[in-house]
Amino acid sequence: MTLEELDQIAKSVQAENAKFDQEISVCMGTGCMSQHSDQVKEALTKAVAAQGKRGFVRRTGCMGLCAAGPLVLVEPSETLYQHVNASHAESLAASLGGKPVAELQCELREHFDQQVHVVLENSGRIDPEKIDDYIARDGYRALLTALNDMTPNGVIRQITESGLRGRGGGGYPTGLKWSTVAKAPGDMKYVICNGDEGDPGAFMDRSVLESDPQRVIEGMAIAAYAVGASKGYIYVRAEYPLAVSRLTVSLREARRRGLLGNNIGNTPFNFDVEIRLGAGAFVCGEETALIASIEGKRGTPKPRPPYPAVSGLWGRPTLINNVETFANIAPIIRKGGRWFASMGSERSKGTKVFALTGKIRNTGLVEVPMGISLRKIIEEIGGGVPDGHTFKAVQTGGPSGGCLPAEMLDIGVSYDALLAAGSIMGSGGMIVMDDTSCMVNVARFFIEFCMTESCGKCIPCRAGTAQMFTLLSRICDGSGTMDDLSLLESLCVTVKEASLCGLGQTAPNPVLSTLKYFRHEYIDHIVHKKCTAGVCNIQAPVEVLA
Amino acid sequence: MRKSGFSRHALIETLHTVQSSFGFLDDDAIRFVAQSLHVPLSQAYGVVTFYHYFSLKPPGKHTMTICTGTACYIKGTDKLVAAAEKHLGICQGQTTSDGQISLMTARCVGACGRAPVVLTDGELQGQMIGETMIEQLERWAVE
């Protein structure tokens, strides 16, 4: 495969598409599939053929706005239809080339106009199982350019210049990580893609893997070239069957096109990727636990150092990055590190994908430049809190993150600003809560999660989270005392300081942040024996959810 | 096992395959896998019990899995769990005595945009309300 051959494939795809006047994309991500978008696609294909229209119906990945699914996009008029079902197929097909069907049209300009798509540039635009569709949109150009015209150091230089930071949550500079692995001695190195998206409330990685899997594979191949690895693993949750099946197809396609395997692009570079399934353990998002899991062991973390960059999978130097990080690589190589660095805030460059969920009108995926304010994301892009309720808090970073109140909405999203506010960037889940959520109860929910997910290796995390859960349960059911509260606070510090891995070190965050911003709710429960949100059942002697 | 060259590292992959064929992992299966891959039985058992995805009990004829991830929780999935438990008279993680229905919970299936979410026999259904779920359970109970 050479650049010229890529051009040829792209041209033939374009020639094929040019045969049609209209392109109709039907979203077939998990969200829309659950509303039978596969039937919509079938009905549309039939209707378009029956009416003799020159239209091409395509399956695509996620278009982002899950709240309005199933979604159908008609090009070139760029008309987006929402809540489409199979019975609408006839009228939609009839409208092609004429006036759009007004009652189905989705008019959410505000939602889409403020987004900048880098990672999601192909999501909802290409058929995720067709490698040629990806190639037609400049796919694999970055890999072949890197292999032919750049040295491994040159690639790392571009990544460093871009200022890209790990999108899994930690925010470690990607360029630095790559150069550490590249410098580590050893002839056998590994590249691992962390797709163990354990954060409940986050689904960016699932969406990227379902909508544009080739992008992740290309990113991994470029990384392998840069650090000198020849073998890669993608670790995906078993709970994401659609992502796994699309990845399997995509790996096969990439091998068929000679973009994985031996002598890629007629160079001495060899690289192949295998899928490893997770089995439902949140702690496996931690890199040393993930490595243990790939080795077929219980996913318990190890103390670092040694870092995986020096001694990782089977004791070899290993590069681990998140799905979204790898998805950023190809555009950076294609357009240059400087282009990427021109977006975002001072210390957090580029864009970030967020999963907007909870009590918000436009649930779904959004991709925005770093530095944009939380208020903009929630009120303008997200459409605000529905049903006349008022906003209470936004939870970022999953169970390791924190809850931020309305006063904090004007901070810009970046690794540092969120950390300073007592939360973390995390992998990008953003859960909005309104006045019907009790913050003590929410804190208890997260601690319960961390308690059950704690691997049990170190005591601060195993015993600490259990004790915190007992204290929070007591406060929730109204039998807590002020002593419990101070004990809880000191326990938070102990667990945070003394735990072995990220899970334990961040587990107290939801409690600490709610104590910081919503202390009055704790006091209400303890002193006034009331729950303003009406969630906790104070009279009951044992823990009961309303 | 052959696909992965009887490699020890393939323990989790192999267990996945066994579970997807038989629905659960019984003692015989774990023993067989451990022996074939030359992995200590204790390690195989440790792996099975560590990961939530593996089940040691046979599932019911139908499975209702309720997502209890954060987004679903905020949208009231705890009420769904309580309603289903009350209706079936079992706790989450159990199967009805006639073996018809298993009630499970999952930590986020990644369809948070459609919360609250349940999986009926693995099929994802979004924006679930209590009545619809109970209707489904009633249909299954008489099948």
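Residues numbered from 1 in each chain as written. Chains lettered and ligands numbered in written order. Predicted model: local features only at pLDDT ≥ 70, side-chain atom pairs only at ≥ 80, totals over all residues.

Our focus in this paragraph is the sheet that holds strand β3 (residues 118–120) of chain B. All names here are of chain B. One open sheet accounts for four strands, arranged β2-β1-β3-β4; its pairing is mixed. For this open sheet the edge positions go to β2 (101–106) and β4 (123–125), each flanked by a neighbour on one side alone. For this sheet the average axis-to-axis angle between neighbouring strands, irrespective of direction, equals 25°. In this sheet, β2 lies alongside strand β1 (residues 62–67) in parallel orientation, the contact comprising six bridges. Of the residues in β2, the one forming a bridge with threonine 63 is serine 102. Against the sheet, helix α5 (residues 77–88) touches β1, β2 and β3, its axis set at about 150° to β1. (Pairing = 2+ DSSP bridges. Helix = DSSP H or I, 4+ residues; strand = E, 2+ residues; numbered from the N terminus. Axes fitted to C-alpha atoms, helices over the stretch in contact; angles between N-to-C directions. Contact = placed C-beta atoms within 7 Å.)

This part is about the nonpolar core. Residue and element names in this part refer to chain A. If you look at the biggest cluster of nonpolar residues, it comprises 214 residues, and the most contacted ones within it are Leu44, Ile222 and Ala223. Broken down by element, this core gets its largest block of residues, ten residues, from helix α11 (residues 213–227). Each residue touching alanine 223, except ones within four places of it in the same chain, is listed here: Trp178, Val191, Leu319, Asn321, Phe326 and Ile329. (Core = buried A, V, L, I, M, F, W, Y, C linked by C-beta atoms within 7 Å. Buried ≥ 20, exposed ≤ 12 C-beta atoms within 10 Å, placed from the backbone.)

The next point concerns the interface of chain A and chain B. Counting residues at the interface gives 37 residues for chain A and 34 residues for chain B. Looking at the side of chain A that touches chain B, the elements with two or more residues in it are α2 (30–33), β9 (351–358) and β13 (429–434) of chain A. Counting residues per element, the side of chain A that touches chain B draws most heavily on β9(A), which supplies three residues. Here the side of chain A that touches chain B is built from residues that sort into 15 nonpolar, 15 polar and seven charged. (Nonpolar A, V, L, I, M, F, W, Y, C, P; charged D, E, K, R; others polar.)

Next up on the list: helix α20 (residues 482–498) of chain A. Residues and elements named next belong to chain A. The terminal C-alpha atoms of α20, which comprises 17 residues, lie 25 Å apart, in line with the 24 Å expected from a rise of 1.5 Å per residue. Among the residues of α20, those classed as buried are Leu488, Cys492 and Val495. Summarising the axial view, the buried residues of α20 lie within an arc of 80°, below the 170-degree limit, and thus occupy one face. In α20, the exposed positions angled more than 90 degrees off the buried face are occupied by Met482, Asp483, Ser486, Ser490, Val493 and Glu497. Along its buried surface, α20 packs onto α19 (459–476), α21 (502–506) and α22 (509–517). (Expected span 1.5 Å × (residues − 1). Arc of directions from axis to C-beta.)

Residue and element names in this part refer to chain A. In terms of burial, strand β10 (residues 364–369) is largely enclosed, as six of its six residues are buried. Inspection of the sheet shows β9 paired to β10 by six bridges, in the antiparallel sense. Counterpart to phenylalanine 354 in the pairing with β10 is valine 366. Joining the antiparallel neighbours β9 and β10 is a turn of five residues.

Residue and element names in this part refer to chain A. Examined at the domain level, chain A breaks down into domain 1 (20–107), domain 2 (138–341), domain 3 (351–434) and domain 4 (439–526). Taken together, the contact between domain 2 and domain 3 spans 14 residues of the former and 15 residues of the latter. Across the side of domain 2 that touches domain 3, the residue classes break down as four nonpolar, six polar and four charged. (Domains from an automatic or database assignment.)

Structurally, A:Lys11 is set in helix α1 (residues 3–18). Residue classification places A:Lys11 among the exposed residues on the basis of 11 C-beta atoms within 10 Å.

Let us now look at unusual backbone geometry. In this structure, A:Pro70 follows A:Gly69 across a cis peptide bond, with omega equal to -10°. With respect to the secondary-structure elements, A:Pro70 resides in the loop between β2 (55–60) and β3 (72–75). The linkage connecting A:Glu75 with the following residue, A:Pro76, adopts the cis geometry, with an omega of 5°. Mapped onto the elements, A:Pro76 comes out in the loop between β3 and β4 (79–81). Positive phi, normally seen in glycine, also occurs at A:Tyr140, with a value near 65°. Along the chain, the position of A:Tyr140 falls in the loop between α6 (131–136) and α7 (141–149). One non-glycine residue, B:Gln127, lies in positive phi territory at about 45°.

Let us look at the packing of helix α9 (residues 174–183) of chain A against α11(A). Residue and element names in this part refer to chain A. Where α9 meets α11, the closest approach of the two axes is 8 Å, and the angle between their N-to-C directions is 50°. As judged from the angle between their axes, α9 and α11 are oblique. Where α9 approaches α11, its residues Trp178, Val181 and Ala182 are matched on the opposing element by Ala223, Ala226 and Val227. Within the contact of α9 with α11, the residues separate by chemical class into six nonpolar, no polar and no charged. (Parallel < 35°, antiparallel > 145°, perpendicular 65-115°, else oblique.)

On to the sheet that holds β10(A). Residue and element names in this part refer to chain A. Spatially, the five strands line up as an open sheet ordered β10-β9-β13-β11-β12, and their pairing is mixed. The sheet is open, and its two edges are formed by β10 and β12 (402–405), each paired on a single side. Direction aside, the axes of adjacent strands within the sheet are offset by 30° on average. Of the strand pairs in this sheet, β9 and β13 are connected by four bridges, and their pairing is parallel. Along β13, the bridge assignment pairs glycine 358 with valine 432.

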